[in-house]
Amino acid sequence: SNDALDGTSCMILVFHDSLGPASLMTFLLSLGELIRYETTRSCQRLFAHQLDLGQNSAWLIKGHRRIRTPVREIKQGDHVVVYAGELVPLTGTVYGGEGTVVPGTPEMDYEPRRVKVGDFVNHDLLLTEGKLYIRNEQGAICLLSDPVRDKQTRRWIQRTRLHKRALHSGHKAVLPMVSVATLIFVFTRDIHRALAAITFDFITGVKIAIPTAVLSSMYNAGTRGIVIRNAMSLEKLADVDAIVFARGGGLTSLEPRVTDIFIKEGYTLDQVTRLAAAALQRFNHLGASSIISYAHLNKIPVPERTESSIIMNGAGVSAKVEGHLVLVASTSLLRQQGVDISAAHDFLDKSLKNGYTRACVVIDGQLAGVIAYEDPVREEAGDAVAALKRLGIKEFAVVTSGGEVAVQKAAKIAGIDKVYARAGSEEQAAIVKEYKRKGMRVAVIGHDAANTLALEQADVAVSLETGADIAKHRSDVVLTSNNLNGLVEGIEIARKGMRLARESLYATTAANVSGLMLSFFDKADFLHATLINNGSVILATANGMRPLLDRPQEDGDVEEPLD
């Protein structure tokens, strides 16, 4: 309706030989649209370099071996395996395994779908749990047309709630304004005075100034390694007042290390480590990373397993290695299965008191050893949490499927009081729902497939660049800097951006109301109306572009937090 009114006004002015006012109106409108377009394009270019949303490699199956291979080198008929937390890299038929998949792009509803042998899958899906063996049926894979990235580029134009409400109000005002302009023309027969009244449409500022303020803030965040996917995400980030850390989702370093190992009599360190690392290969889990890294650092060769499966949502991994049935699992799972772990009682008790996580290694039904590991808290975690508290964040919590002692230790170091231990995926999601039920706006920082349900329930889902594919693809905010201080900066930038958006709305509204009053009392002709309406839009848009002038702080600079 706004474009129709502007076009009609210009045509009437041209018909009446008023080329100057018509040209000025067209110029100012075009200038505003150009500013918005260039700001949008700058955001797209910046984020395209920062966040690679395409899957560039896959696990290619060669006999009993699994080789990480660039996707472009996979040919028709090749077989790949996809593990929990990874993006399905190609289109084909599942010929082995089973699992649950969800759409790979955040704008699509989170609709889990169970897939099994014989089902067809495409390369716009994420595997949340299970394992899939897929036969490539699409021939040579072309990365130039990536459906994930293609869909992502359409998200820049999504509107904030503020934008939608303002547009709704502006459209409702169109008919009364046209009616007023018609009455003015009927009683005065002055077409320029009538057109002057129509010019104050309240919509142009909303269409141009508000998106520019939001996009400029998104660009500013991007220059600091904070990818905010769309306008709605920025608005929600500005409103956050509760933060939930899914263990490993940002509070810890995601660099786990083995702290101690217990070896039962009759087994060797080399044997226990080798078989455990082989069973855990290619699984997205902190314990797996720590054990495999330990084997490599100590030059212990890791053989290939012949088959493997995840037990009870990640509580254990079973595999066949060198003719042995190997199980790497938690103590609770082993007790449920009746495995005798009494030989490691003292070691388990000591590790628990130290806040370490324990992975028991069972070979052919007998406990062979226990590997203790920890994931240290990030160096910046305490300062980041303190800064978030100064920003007015009311609630902090850590949720984890692990034991209470380890998570309590990490939370205490970071300055967080509330801890929810031994919380599975559904329990984590329920905790987030409870915060939302209390009226809080919740940000969840997740890392892998175990955090997916909590991320989906969050008002703002956040992931670090080191997160699993599923966490990064389904998140609203990705901290490519891999630093928790990025979350602090992101919230500050989001709040400033929304404040600028509101300033733009208030400024253009005040200008239009004032101009409409002047026009009604015959104090402003069409030229003045154009300058007031479109000129105020340009000024408000320029004000909204202020974040583009901000530069990332150099080391040693200190910025005062927002009130």
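What counts as what
- Residues numbered from 1 in each chain as written.
- Predicted model: local features only at pLDDT ≥ 70, side-chain atom pairs only at ≥ 80, totals over all residues.
- Heavy atoms only, no water.
- 1 Å grid on protein atoms, 1.4 Å probe; cavity = no way out; pocket = protein on both sides within 12 Å on 5 of 7 lines; lining within 4 Å.
- Points joined across faces, edges and corners; volume = space filled by probe spheres on them.
- Helix = DSSP H or I, 4+ residues; strand = E, 2+ residues; numbered from the N terminus.
- Nonpolar A, V, L, I, M, F, W, Y, C, P; charged D, E, K, R; others polar.
- Buried < 20%, exposed > 50% of the residue type's maximum accessible area, 1.4 Å probe, protein only.
- Arc of directions from axis to C-beta.
- Contact = heavy atoms within 4.5 Å.
- Patch = residues over 30% accessible without salt bridge, like charges linked within 9 Å, V, L, I, M, F, W, Y side chains within 5 Å.
- Areas by Shrake-Rupley, 256 points an atom, 1.4 Å probe, with all protein chains shown as cover.
- Salt bridge = Lys/Arg side-chain N within 4 Å of Asp/Glu carboxyl O.
- Pairing = 2+ DSSP bridges.
- Axes fitted to C-alpha atoms, helices over the stretch in contact; angles between N-to-C directions.
- Expected span 1.5 Å × (residues − 1).
- Phe/Tyr/Trp six-rings, centres within 6.5 Å; stacked < 30°, edge-to-face > 60°.

So, empty space enclosed by the protein
So, point 1. If you walk through the whole model with that rule in mind, you get three cavities of 30 Å³ or more.
So, point 2. Lining the second largest cavity we find Arg66, Val81, Tyr83, Lys131, Tyr133, Arg282, Arg305, Thr306 and Glu307.
So, point 3. Taken together, the elements giving at least two residues each to the lining of the second largest cavity come down to strand E3 (79-83) and strand E7 (125-136).
So, point 4. Tallied by class, residues from the lining of the second largest cavity come to three nonpolar, one polar and five charged.

Comments concerning the layout of surface pockets
So, point 1. Approximately 700 Å³ is the volume attributed to the second largest pocket.
So, point 2. Along the walls of the second largest pocket sit 35 residues, with Leu254, Asn284, Ser289, His447 and Thr466 positioned nearest its centre.
So, point 3. The element that contributes the greatest number of residues to the lining of the second largest pocket is helix H9 (residues 286-297), accounting for five residues.

As for helix H13 (residues 404-414)
Residues lying three or four places apart along an α-helix face the same way, a consequence of the helix completing one turn every 3.6 residues.
So, point 1. Buried within H13 we find Ala406, Val407, Ala410, Ala411 and Ala414. End-on, the buried residues of H13 take up no more than an arc of 125°, which puts them together on one face. Of the residues in H13, the exposed ones pointing more than 90 degrees away from the buried face are Lys412 and Ile413.
So, point 2. The secondary structure elements touched by the buried residues of H13 are strand E14 (357-363), helix H12 (381-390), strand E16 (395-399) and strand E17 (418-420).
So, point 3. The first or second residue beyond H13 is glycine 415, which carries a positive phi of 85°.

Points about a nonpolar patch on the surface
So, point 1. Taken together, the side chains of Leu183, Val186 and Phe187 present a nonpolar region at the surface, about 350 Å² in accessible area.
So, point 2. Tracing the backbone through its elements, the reader meets phenylalanine 187 in helix H4 (residues 161-188).
So, point 3. Phenylalanine 187 gets classed as exposed once you look at its relative accessible area, which sits at 70%.

A short note on the sheet that holds E16
So, point 1. One open sheet accounts for seven strands, arranged E8-E20-E19-E18-E9-E16-E17; its pairing is mixed. In the strand order of this sheet, the two ends are held by strand E8 (226-228) and E17, each with one partner. Neighbour-to-neighbour, the strand axes of the sheet open up by a mean angle of 20°, direction not taken into account.
So, point 2. When strand E9 (residues 242-246) meets strand E18 (residues 442-446), the two strands line up parallel, connected through four bridges.

Things to note about helix H8 (residues 269-280)
So, point 1. Look at H8: 16 Å from first C-alpha to last across 12 residues, which is about the 16 Å you get at 1.5 Å a residue.
So, point 2. By the criterion of burial, H8 is predominantly enclosed, with 10 of the 12 residues buried.
So, point 3. Regarding H8, the residues found buried are Gln271, Val272, Thr273, Arg274, Leu275, Ala276, Ala277, Ala278, Ala279 and Leu280.
So, point 4. Against the buried residues of H8 lie strand E10 (257-263), H9, strand E12 (316-321), strand E13 (324-329), E14 and strand E15 (366-374).

Some remarks on the packing of aromatic side chains
So, point 1. In total, this model carries two aromatic pairs according to the counting rule given.
So, point 2. An angle of 50° between the planes, with centres 6.1 Å apart, marks the rings of tyrosine 95 and tyrosine 133 as tilted. Highlighted residues: tyrosine 95 in strand E4 (residues 92-103) and tyrosine 133 in strand E7, separated in sequence by 38 residues.
So, point 3. An angle of 35° between the planes, with centres 5.9 Å apart, marks the rings of phenylalanine 262 and phenylalanine 347 as tilted. Within this pair, whereas phenylalanine 262 is found in strand E10, its partner phenylalanine 347 is found in helix H11 (residues 345-353), the two being separated by 85 residues in sequence.
So, point 4. Overall, the relative accessible area of 18% leaves phenylalanine 262 in the buried class.

Brief notes about the pairing of E4
So, point 1. With nine of 12 residues buried, E4 is to be regarded as a mostly interior element.
So, point 2. With two bridges connecting them, E4 and strand E6 (residues 120-121) associate as antiparallel partners. Note on E6: the bridge partner recorded for threonine 93 is phenylalanine 120.
So, point 3. Where E4 meets E7, 11 bridges bridge the pair, whose relative direction is antiparallel. Counterpart to valine 94 in the pairing with E7 is isoleucine 134.
So, point 4. Sheet analysis places E4 next to strand E5 (residues 113-115), joined by three bridges and oriented antiparallel. Residue threonine 100 lies in a different strand from E5, and its bridge partner there is arginine 114.

A few points about unusual backbone geometry
So, point 1. Phi is positive for glutamate 322, close to 50°, though the residue is something other than glycine.
So, point 2. Within the secondary structure, glutamate 322 sits in the loop between E12 and E13.
So, point 3. Taking the relative accessible area as the measure of exposure, glutamate 322 reaches 46% and is therefore partly exposed.
So, point 4. For arginine 422, which is not a glycine, the phi torsion comes out positive at approximately 50°.

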